[in-house]
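# Observations on chain architecture
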Amino acid sequence: MRRRKLIAANWKMNKRVSEAVAFADALRPLIAGGSGCDLLVFPSFFCVRPLADALAGSGVAVGAQDLFWEKDGAYTGEVSAAMLRDAGASHVLAGHSERRHVIGETDVVVARKLHAAMDGGLTPVLCVGETLPEREAGRQREVVARQLTAAFAGRPGGDAARTVIAYEPVWAIGTGKNATPDDAAAMHRAIRAWLRERFDGKTADGIRILYGGSAKPENAADLLARDEIDGLLVGGASLDARSFAAIAGVAPAV
Ligand code: PEP
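Given the structure is predicted, the values throughout are model-derived calculations rather than measurements.

Pairing between the strands of a sheet is mediated by backbone hydrogen bonds and can be parallel or antiparallel. The eight strands lie next to each other as S1-S2-S3-S4-S5-S6-S7-S8, forming a closed barrel whose pairing is parallel. Each neighbouring strand pair of the sheet contributes to a mean axis angle of 25°, computed without reference to strand direction. Judged from the two bridges that link them, strand S3 (residues 61–64) and strand S4 (residues 91–94) form a sheet pairing that is parallel. Following the sheet pairing, alanine 64 is matched in S4 by valine 92. Against the sheet, helix H5 (residues 107–119) engages S4 and strand S5 (123–128), with an angle of about 160° to S5.

On to the side chain of glutamate 228. Residue position: glutamate 228 is located in the loop between helix H11 (217–224) and strand S8 (231–234). There is a polar contact of 2.6 Å between the side chain of glutamate 228 and the side chain of arginine 189. If near-sequence neighbours (up to four positions away) are discounted, glutamate 228 is found in contact with Ala185, His188, Arg189, Arg192 and Ile209.

This part takes up the nonpolar core. Core analysis: the biggest nonpolar cluster contains 70 residues, and Ile7, Phe152, Ile191, Leu195 and Leu232 have the highest contact counts within it. Beyond its immediate stretch of four places on either side in the chain, isoleucine 7 contacts Cys37, Asp38, Leu39, Leu40, Leu224, Gly231, Leu232, Val234, Phe244, Ile247 and Ala248. Among the nonpolar cores identified, the runner-up in size contains twelve residues, and Phe42, Val164, Ala166 and Leu233 belong to it.

Here we come to the site of the ligand. Neighbouring the ligand are 14 residues, the closest being Lys12, Glu168, Gly174, Ser214 and Gly235. At 2.6 Å from an oxygen atom of the ligand is found a main-chain nitrogen or oxygen belonging to glycine 174. Protein contact buries 96% of the 300 Å² of open area that the ligand shows by itself. Taken together, the residues of the shell around the ligand sort by class into four nonpolar, eight polar and two charged.

Here S8 shows two buried faces, one formed by Gly231 and Leu233 and the other by Leu232 and Val234. In this structure, strand S1 (residues 6–10) lies alongside S8, joined through four bridges in parallel fashion. Bridge assignment links alanine 9 to a residue of S8, and that residue is valine 234. For strand S7 (residues 209–212) and S8, the ladder comprises two bridges, and the chain directions are parallel. By the bridge assignment, tyrosine 211 is partnered in S8 with leucine 232.

With that settled, consider the pattern of salt bridges. This model, assessed by the stated rule, comprises 21 salt bridges. Note that glutamate 130 is salt-bridged to arginine 135, the shortest N-O span being 2.7 Å. Judged by relative accessible area, glutamate 130 falls into the buried class, the value being 0%. A salt bridge links aspartate 182 to arginine 226; the shortest N-O distance between them is 2.4 Å. Here the residue aspartate 182 occupies a position in helix H9 (residues 181–198), and arginine 226 occupies one in the loop between H11 and S8, the gap between them amounting to 44 residues. Counted as one network, the salt bridges with shared partners bring together Asp66, Arg99, Glu105 and Lys113.

So, on to helix H7 (residues 140–151). The end-to-end C-alpha distance of H7 is 17 Å, a good match for the 16 Å that twelve residues give at a rise of 1.5 Å each. Listing the buried residues of H7 in full gives Gln140, Val143, Val144, Gln147, Leu148 and Ala151. Seen end-on, H7 carries its buried residues on one side only, within an arc spanning 130°. On its buried face, H7 sits against helix H4 (97–101), H5, S5, helix H6 (132–136), strand S6 (164–167) and H9.

With that out of the way, let us pick up the state of the cysteines. Taken as a whole, this structure holds zero disulfides when the rule is applied. With no disulfide partner, cysteine 37 has as its closest neighbouring cysteine sulfur the one in cysteine 127, 18 Å distant. Judged by its relative accessible area of 7%, cysteine 37 falls in the buried class. For cysteine 127, a relative accessible area of 2% corresponds to the buried category.

Criteria and cut-off values
- Residues numbered from 1 in each chain as written.
- Predicted model: local features only at pLDDT ≥ 70, side-chain atom pairs only at ≥ 80, totals over all residues.
- Heavy atoms only, no water.
- Pairing = 2+ DSSP bridges.
- Helix = DSSP H or I, 4+ residues; strand = E, 2+ residues; numbered from the N terminus.
- Axes fitted to C-alpha atoms, helices over the stretch in contact; angles between N-to-C directions.
- Contact = heavy atoms within 4.5 Å.
- Polar contact = N/O pair within 3.5 Å; in protein donor to acceptor, adjacent residues only side chain to side chain.
- Core = buried A, V, L, I, M, F, W, Y, C linked by side-chain atoms within 4.5 Å.
- Buried < 20%, exposed > 50% of the residue type's maximum accessible area, 1.4 Å probe, protein only.
- Near = heavy atom within 4 Å.
- Areas by Shrake-Rupley, 256 points an atom, 1.4 Å probe, with all protein chains shown as cover.
- Nonpolar A, V, L, I, M, F, W, Y, C, P; charged D, E, K, R; others polar.
- Salt bridge = Lys/Arg side-chain N within 4 Å of Asp/Glu carboxyl O.
- Expected span 1.5 Å × (residues − 1).
- Arc of directions from axis to C-beta.
- Disulfide = S-S within 2.5 Å.

Note that every value here comes from positions in space, so none of it alone points to a role or purpose.
Structural data, given as structure tokens:
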């Protein structure tokens, strides 16, 4: 099955509103001729609405980096799926390694957030990936399978079909060390095999599996050339509109 590539920008805790709008203004002319792939940006909560407005009609989707699993109520500091949709978000990250390993989110917390996104009408981008010690111990497939099992617990294939998965080896995120296209493709095949086993072939074949970890204009084309890699989740190299457009193949590499 041919899956359209998706290039997603994770801005993490970067960019003020004016900078997000300036990014949109810089990106628009670069993608005016069409990009040949789907584009998505995850800004901070504050920038979701202004960025969605600034990108309206451009075809670029906007998502949030986190959500809480309850709909409303006494949960100080939290933001629900309904609030994100109201602000213009169509997607949300769940299980990003910084939330797992810096903030301390467990597999159970990630699952609750994933399910809240599914139930709240957002497209979740579920991040999975092993740490360096886990890879050195040869446990990367076991770790990713554990994360997938926990995340999709109790959910039918119909929900999985509306999910994007991002394989992000923790040792490659923000380190400048990317997985080789072969390493990434091997894990993507393992993830798709897991999905086939857990759900069914049609569901598994329809789900986009992105790679994330130090993707940049210099290595994007090699990664995207692999059929197994349905797109990229990009952190640092997505902060600049030209760099993001170059990763998407619509502007010369910077
Ligand atoms: C990320 O934050 O999801 C990521 C992949 O970051 P970077 O591209 O900076 O490694």
